[in-house]
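Okay, here's what each chain looks like letter by letter:
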Amino acid sequence: MYRPIYFTLLFCLFFSLNSSANDGYKLWLDYQPIQEQSLKSEVKSLLEGIYFFGENPTFDAIKNELNLVAKGMLNSDPIYSKDRLQNTTFWIGTREQLSQVLSLTKQAEIKALGAEGYWRGEIEFEGKSYYAIIGNQPVGILYGVYNWINSIQSNTFNKSIEFADAPKIKLRMLNHWDNLDRTVERGYAGFSIWDWHRLPGYIDPRYIDYARANASIGINAVSLTNVNANALILTTDFMKKAKALADVFRPYGIKVFLTARFSAPIQIGGLKTADPLDPEVIEFWKKKTDEMYSFIPDFGGFLVKANSEGQPGPHEYGRNHAEGANMLADALAPHGGILIWRAFVYSHEDEVDRHMQANNEFEPLDGKFKDNVIIQIKNGAIDFQPREPFHPLFGAINQTNVGMEFQITQEYLGQATNLVFLTPMWEEVLKSKTYRPTPSSTVGSVLEGKETNQKMTLMAGVSNIGTDRNWTGHLFAQSNWFAFGKMAWNPEITSEEIAKEWTELTFGQDQEVVTKIDEILLESHETAVDYMTPLGLHHIMGRSHHYGPGPWVMGGRADWTAPYYHQADSLGIGFDRTSDGSGALDQYAPEVVQNWGDPHQIPEKYLLWFHHVPWDFKLKNGDTLWEGIAHHYDRGVKNVRKMQETWASLESKIDPEEFDHVRQLLEIQEEEAEWWRNACLLYFQTFSNRPFPTDIEQPEGDLEYYKSLMFPNAPGI
Ligand code: GCW
């Protein structure tokens, strides 16, 4: 497209001088003046009569937020009263602090909401009514305050309507894959926000904004470091740095976790072994853990990747995952710490379908893990592909704590150039029926601990945050951070609800804007799947950096090549994982095997994941498989153009800097979608030997050219 350069330059200059332009830094916490008069006076009357029942660091954090709200929404300052009956309208405190003014029923109701729950509404006391936000703990109140603020931002606040909420998952956690040198594995938004070199002395104000953003969506735990771990993080110097961050996060209810390299006893402990049953190794971890708690008394625990992709682990010593995990769990237990052990394990020495390896390793160990261990399982059995059927471990192990690992950063979903709202994908996984341990079980109900009474529940998301001014590279990638928090709080929420909420908080109330942006958001994942990996195709991206298409990628270990997964040949395409093939399907419950075992019955979105199907296989709409593949790729490209048009139609209603940022990225996305379509269709045509359907835009370019493209400096490696 023709874009005169001087125009772009002028445009940039204009916006860098125009302070009202929005660079996205404030995320969904951008408090704008309230337009509606009655709402404005209501909020004003509350903010001018605040009384806090007591003092603590979390209440200070709440005051800080209320100050920002008053400034942004009313251009004023709040008034805090020292006497609860003197000109107050708004009461903030814990259930215990307010016990004298609450009825016994109300107290019981609030108590039932648990440590992080909250209630907000009106209470009557001595003939006067007060608006109150009450929790069992200060952190619950903090969540209640954010919820109240959101209701103002979305113009739904009504004093007389009571509202109560509590999270359904205990640990709602971000996993940063941040290295100590500030590079971020699979990070596409700049460098790590953890400035290890200047810590602990220098506290970047960004850490506080990070904590605010997380608390506002209910995230209560962060693992600071890459799972491909560096043992140095466990040295005293780094513990002091981690402590400085933990101190910043504590008032916001956020606990710090660190990744533990299994071989640390050798690397930093001077031992000859890291055998989990060796007494010296056990002692090393006990001492390390005690030291950690001396700096961070509420340290969350360790997150471990072991015996996967070259990471050290218990297998080196002939020990299994339970022996490795339990040893670390024992060191943490006296302090109330948690050991999170990842189920993402597979080995190139194992010939078995990679899809099956985690179940093969973990099912026999079910019930052998200590109570303070959680097995963190990726949503699917391969690796965060654009679409994956749910991981067969969910429901298969029932005597062990299990948690979810989603990937917020878009390693396989267009990185930071493609607009992809991931929530529909997560929702699809959470709603999937596992049929185990009970016939009505879903991945979500298993995670919530409903089925097994699991107390320690977890949802983790691999962070997409970096030093970019807007935090996530693509403005719309903020929606995925936001959505992750909302989904971890309540796995039963819908994509529509989250999309609407994020859009209103980010772009305001205009109904046309909200409707159109929601449409973009809600269709974006299916669109990306269409132009990347339709009908159950997977793992056909560029080697190593995972940027762009690479269905031809060969060489090296088989399970890192594309043909291992697509299995295209002159007869057809797809990975036969039925009992005639690798047998991976049999790791699911019999009901799933029955639904998915027949290529004519399985939802087509998973067809090629489980079946090798002839090119002229008939799809439900009458297309042959070959035509269907072509139509999906073509539709993906066309839908990106539709997104562009929808976005363009909002130009007059969106902040110019944000508008142009997204417009440019959508142009890149269109080019990348075309690249995926052309490269994949031309490549697969070499097997199908069939013409393209005439009603699609014919793939252009030369397959050899696409194969020759190299991206040695692609981000995130
Ligand atoms: O998806 C793969 C990534 C690796 C990552 C690994 C994992 C942290 O390509 O970069 O390593 O998964 O989840 O451990």
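Parameters and conventions
- Throughout this document, residue positions are counted from 1 along each chain, in the order its sequence is written.
- A pLDDT threshold of at least 70 governs which residues receive local features in this predicted model, and a stricter bar of 80 or more applies before side-chain atom pairs are shown or counted, although totals over entire chains, interfaces and linings include all residues.
- Here the side-chain values reflect all heavy atoms present in the structure, with hydrogen atoms and water set aside.
- Helix and strand assignments follow DSSP, with helices taken as H or I runs no shorter than four residues and strands as E runs no shorter than two, numbered in order from the N terminus.
- C-alpha atoms define the radius of gyration, and 2.2 Å times the number of residues to the power 0.38 defines the globule rule.
- Exposed residues in this analysis have more than 50% of their type's maximum accessible area, buried residues have under 20%, and partly exposed residues fall in between, with area computed by a 1.4 Å probe over protein chains only.
- The criterion used for residue contact is that any of the two residues' heavy atoms lie within 4.5 Å.
- Accessible surface area values rest on a Shrake-Rupley calculation with a 1.4 Å probe, where residue burial reflects the displayed protein chains alone.
- For the charge count, each Lys or Arg is scored as positive and each Asp or Glu as negative, with His and the chain ends excluded.
- Charge positions are represented by NZ for Lys, CZ for Arg, CG for Asp and CD for Glu.
- Two strands are counted as paired when DSSP detects at least two bridges linking them.
- Convention adopted: a line fitted to C-alpha atoms gives each axis, helices being fitted over their contacting stretch, and angles between N-to-C directions are expressed from 0 to 180 degrees.
- We call a residue near a given molecule or strand whenever any one of its heavy atoms falls within 4 Å of it.
- Polar contacts here mean pairs of N or O atoms no more than 3.5 Å apart (in protein, one a potential hydrogen donor and the other a potential acceptor; neighbouring residues in sequence count only if both atoms are side-chain atoms).
- Gly is placed with the polar residues, together with every amino acid not listed as nonpolar (Ala, Val, Leu, Ile, Met, Phe, Trp, Tyr, Cys and Pro) or charged (Asp, Glu, Lys and Arg).
- The predictor attaches a confidence to each residue, and that confidence, scored 0 to 100, is pLDDT.
- Note: domain ranges come from an automatic or database domain assignment.
- Any carboxyl oxygen of Asp or Glu that lies within 4 Å of a side-chain nitrogen of Lys or Arg is treated as forming a salt bridge with it.

Peer 1: Describe the overall build of the chain, and please don't skip the residues or the numbers.
Peer 2: A tally of helices and strands in the chain yields 22 helices and 15 strands. Taking 2.2 N^0.38 as the reference for a compact globule, 717 residues should give roughly 27 Å; the C-alpha atoms of the chain span a radius of gyration of 26 Å, in line with that estimate. When each of the 717 residues of the chain is scored for burial, the buried share is 62%. The long-range share in the chain, meaning contacts at least 24 apart out of those at least 6 apart in sequence, stands at 72%. About 27,400 Å² of surface is accessible on the chain, with carbon and sulfur atoms providing 52% of the total. Distance between charge centres in the chain, computed from 64 positive and 94 negative side chains, equals 5 Å.

Peer 1: Now, about the sheet that holds strand 12 (residues 401-407): what can you tell me, with residues and values included?
Peer 2: The strand order around the closed barrel formed by 8 strands is 6-7-8-9-10-11-12-13, and the pairing between neighbours is parallel. On average, adjacent strands in this sheet sit at an angle of 25 degrees to one another, irrespective of strand direction. Strand direction decides the pairing type here: strand 12 and strand 13 (residues 458-462), joined by 5 bridges, are parallel. Directly across from Glu-405, in strand 13, lies its bridge partner Ala-460.

Peer 1: If you had to explain the side chain of Gln-644 to someone new, which residues and values would you point to?
Peer 2: Here Gln-644 is to be found in helix 20 (residues 625-648). A residue is classified by how much of its surface remains accessible, and Gln-644, at 18% relative accessible area, is buried. Once you skip the residues sitting within four places of it in the chain, Gln-644 turns out to touch Leu-666, Glu-667 and Glu-670.

Peer 1: An account of the site of the ligand is requested, with residue identities and associated values reported.
Peer 2: The environment of the ligand is made up of 15 residues, and the closest members are Glu-185, Lys-305, Lys-378, Asp-383 and Glu-411. In the environment of the ligand, an oxygen atom lies 2.4 Å from a nitrogen or oxygen atom belonging to the side chain of Glu-185. Here the ligand loses 97% of its free accessible area of 340 Å² to cover by the protein chains. Taken together, the residues of the shell around the ligand break down into 4 nonpolar, 3 polar and 8 charged.

Peer 1: Residues and numbers for the confidence of the model for the chain, please.
Peer 2: This prediction gives the chain a mean pLDDT of 96; 97% of its residues lie at or above 70. Scored below 50 in pLDDT, residues 1-19 makes 8 contacts in the model with residues more than four places away or belonging to other chains.

Peer 1: Before we move on, could you go through the domain arrangement of the chain and cite the residues and values that matter?
Peer 2: One can read the domain layout of the chain as domain 1 (31-164), domain 2 (171-499) and domain 3 (529-575 + 612-708). Relative placement of domain 1 and domain 3: their C-alpha centres are 50 Å apart.

Peer 1: I'd like a rundown of the side chain of Asn-175, residues and numbers included.
Peer 2: Summarising the element assignment, Asn-175 is placed in strand 6 (residues 171-175). Once residues within four sequence positions are removed from consideration, Asn-175 is found in contact with Ser-223, Leu-303, Gln-376, Glu-405, Ala-460, Gly-461, Val-462 and Ser-463.

Peer 1: Give me the lowdown on the pattern of salt bridges, citing residues and values where you can.
Peer 2: Tallied over the full model, the rule gives 48 salt bridges. A salt bridge links Lys-642 to Glu-523; the nearest nitrogen and oxygen atoms lie 3.3 Å apart. In this pair, Lys-642 sits in helix 20 while Glu-523 sits in helix 16 (residues 511-532), placing the two residues 119 residues apart along the sequence. In this structure Lys-642 comes out as partly exposed when scored by relative accessible area, which is 35%. For Glu-523, a relative accessible area of 34% translates into the label partly exposed. When salt bridges with common partners are traced through the structure, they connect Asp-634, Lys-638, Arg-641, Glu-670, Glu-674, Arg-677 and Glu-697 into a single cluster.

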